[in-house]
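Residue strings, one per chain:
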Amino acid sequence: MREINASIPFDKALWREDIAASKAHVAMLGAQQIISSADATQISDGLDAVAAEYEANGVPEDWDLEDIHMTTESRLAELIGPVAGRLHTARSRNDQVATDFRLWVRSTVAQVDAGLEQLQQALVTRAGEHAAIIMPGFTHLQTAQPVTLGHHLMAYYEMIRRDRSRFADARSRLNESPLGCAALAGTGFPIDRDATAAALGFDRPAANSLDAVSDRDFALDYLMAAAQCSLHLSRLAEEFIIWASQPFGFVRLPDTLSTGSSIMPQKKNPDAAELVRGHAGRIIGCATALMVTMKGLPLAYSKDMQDDKPPVFEAAGLLGLSIAAMTGMVADSTFNAARMRQAAELGYATATDLADWLVREADIPFREAHHITGGAVKLAESRGVALDALSLEELQAIDARIDARVFAALSVDASVASRASYGGTAPEQVRHQVAQARKALGMDL
Ligand code: ARG
């Protein structure tokens, strides 16, 4: 029982929140004259002393004391005597743990948001530098159309922007105080829940005590936002892994985020990126774990809910590392512009531009233009040359309406420059996106 019951090995991470919530609670008990002001002061000072010990020496792990709440109360009693027993008036560990955990998730959301902002700044900075660097754009990982590296990086800026909005959304819902809901039904003492809510920075007290002690939506909101964010980081990591492989050679990863091989001296492995990709699996697993833990629980608290904390702590640790790793990778990688351009010039990436030219200049319906272009690609392929290496005569043999102006449309530069529709890949559009993003991030103040 001791072993299965104890949560102190992991919930000791909540000690700061536990002390803060207890201090808010005892101040309220004193103000409401539920306990004497002198006792309230003595308990509050005692809690400060316990906090100072935790800060200096860590939280002692006595499994008989089960959790952080009992550990703190027991140490408080050792320090100040039986008056410590008055702290637990008009509360229960059920509202206590729900309060502590909300506070913890709230601060982790603030940290994630700060980390994601730095990642966005790195993306925007590199995108601005590489607004006109041409690379192949892919669909199905097959060369599709030339794009700019800045455009590609700004795609991730958008994903992270949505992630931050999901975390902000989670934050706005979580900020209600369970404190004072007691075991499940509220309390007969004349407590002031508005006061404790305000003291802990909550927007308001939670409205239903049964709900508040058994609600873990806030942890799930966090985990699901974390899962989606980790998925974006994993996709970005995957891009770097592919780009850094020798056949691609688009990027040289920072040495600080790579490792060598123990037997192959030439190797430089993208371990940090691979771990970001791997961590996403674990973070998604954490979200799944808590959903499954919660799905069958009747109201109100059940001990299953003690298992809420490990997945949240695990996900938070992994996500923090993943964000830091990807920020470093974006900020400090060296992109190989020549190699990217070379790749963009292979694979008939400007075939769509030929079709578009036929539509624009020869008034040919797009479907027919697509067919004509297919013939040109086939011919170029059979000769092993690029589209713009076909002669005018060869192109005119495929369709007589083609004239010499077409060559201007077949370069990768002309191709990206032409895609200047809103949100498109043209350098001028990318610069516009970057400028908007820098403004949103307050980078040019
Ligand atoms: N250690 C418990 C948890 O983390 C605290 C709440 C215990 N409540 C109870 N009624 N046993 O969930």
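Preceding this section is the structure that the text describes.
Throughout what follows, the structure given in this document is the object of discussion. (Residues numbered from 1 in each chain as written. Predicted model: local features only at pLDDT ≥ 70, side-chain atom pairs only at ≥ 80, totals over all residues. Heavy atoms only, no water.)

## Some details on the overall build of the chain
Just so we agree on the cut-off: Helix numbers and strand numbers start at the N terminus; a helix is a DSSP run of H or I with at least 4 residues, a strand a run of E with at least 2. Buried residues are those whose accessible area, probed at 1.4 Å on protein chains only, stays under 20% of the maximum for their type, while exposed residues exceed 50% and partly exposed ones sit between those limits. The contact rule is simple, with two residues in contact once any of their heavy atoms fall within 4.5 Å. Residue exposure ignores everything except the shown protein chains as possible cover, and the areas themselves are Shrake-Rupley values with a 1.4 Å probe. Positive residues here are Lys and Arg, negative ones are Asp and Glu, while His and the chain termini are left out of the count. All charge positions are set by atom: Lys at NZ, Arg at CZ, Asp at CG, Glu at CD.
Summing up its helical and strand segments, the chain has 19 helices and 6 strands in all. In terms of principal-axis extent, the alpha carbons of the chain reach across some 100 × 55 × 45 Å. Across the 445 residues that make up the chain, the buried fraction comes to 49%. When contacts within the chain are restricted to residue pairs at least 6 apart in sequence, those whose partners lie at least 24 apart make up 75%. A total of about 20,200 Å² of accessible surface is found on the chain, and carbon and sulfur atoms cover 54% of it. For the chain, the distance from the average site of its 41 positive side-chain charges to the average site of its 57 negative ones is 3 Å.

## Side note on the nonpolar core
The criterion, for reference: Take the buried residues of types Ala, Val, Leu, Ile, Met, Phe, Trp, Tyr and Cys, join any two whose side-chain atoms come within 4.5 Å, and each joined set is a nonpolar core.
One finds Phe167, Tyr222 and Leu319 to be the most contacted residues of the largest nonpolar core, which totals 93 residues. Looking at this core element by element, the count peaks at 15 residues for helix 10 (residues 217-244). Counting residues in each nonpolar core, the second largest holds 20 residues, with Ile372, Leu390, Leu395 and Ala409 among its members.

## Let's talk about helix 3 (residues 15-31)
Filter applied, for reference: What a helix should span is 1.5 Å times the count of its residues minus one.
A rise of 1.5 Å per residue sets the reference length of helix 3, with its 17 residues, at 24 Å; its end C-alpha atoms lie 24 Å apart and thus fit the reference within 8%. Counting buried positions along helix 3 yields 12 of 17 residues, so the element is predominantly enclosed. Those residues of helix 3 that are buried lie in contact with helix 2 (8-11), helix 4 (37-57), helix 5 (68-80), helix 6 (93-129) and helix 8 (193-199). In the segment just after helix 3, Gln33 is the residue with positive phi, at about 60 degrees.

## Quick look at the state of the cysteines
Put simply, the rule reads: By disulfide we mean two sulfur atoms from cysteines, separated by a distance within 2.5 Å.
Inspection of every chain in the model, using the stated rule, returns 0 disulfides. Here Cys286 is not disulfide-linked; the sulfur of Cys229 is the nearest cysteine sulfur, at 14 Å. Cys286 gets classed as buried once you look at its relative accessible area, which sits at 4%.

## Regarding the site of the ligand
How we decide: Throughout, the term near means that a residue has one or more heavy atoms lying within 4 Å of the molecule or strand in question. Any pair of N or O atoms that falls within 3.5 Å is considered a polar contact. Within protein, one atom must be able to donate a hydrogen and the other to accept it, and sequence-neighbouring residues count only if both atoms are side-chain atoms. Here the term charged refers only to Asp, Glu, Lys and Arg, the term nonpolar to Ala, Val, Leu, Ile, Met, Phe, Trp, Tyr, Cys and Pro, and the term polar to all other amino acids, Gly among them.
Every residue near the ligand is listed here: Ser7, Glu66, Asp67, His69, Arg93, Asn94, Val97, Tyr301, Gln306 and Lys309. Take Asn94: an N or O atom from its side chain is 2.8 Å from a nitrogen atom of the ligand. Note that an oxygen atom of the ligand is positioned 2.5 Å from one of the side-chain N or O atoms of Tyr301. Notes on the ligand: free accessible area 340 Å², of which the protein chains cover 85%. With 3 residues, the single largest contributor to the shell around the ligand is helix 6. Residue composition of the shell around the ligand, by class: 2 nonpolar, 4 polar and 4 charged.

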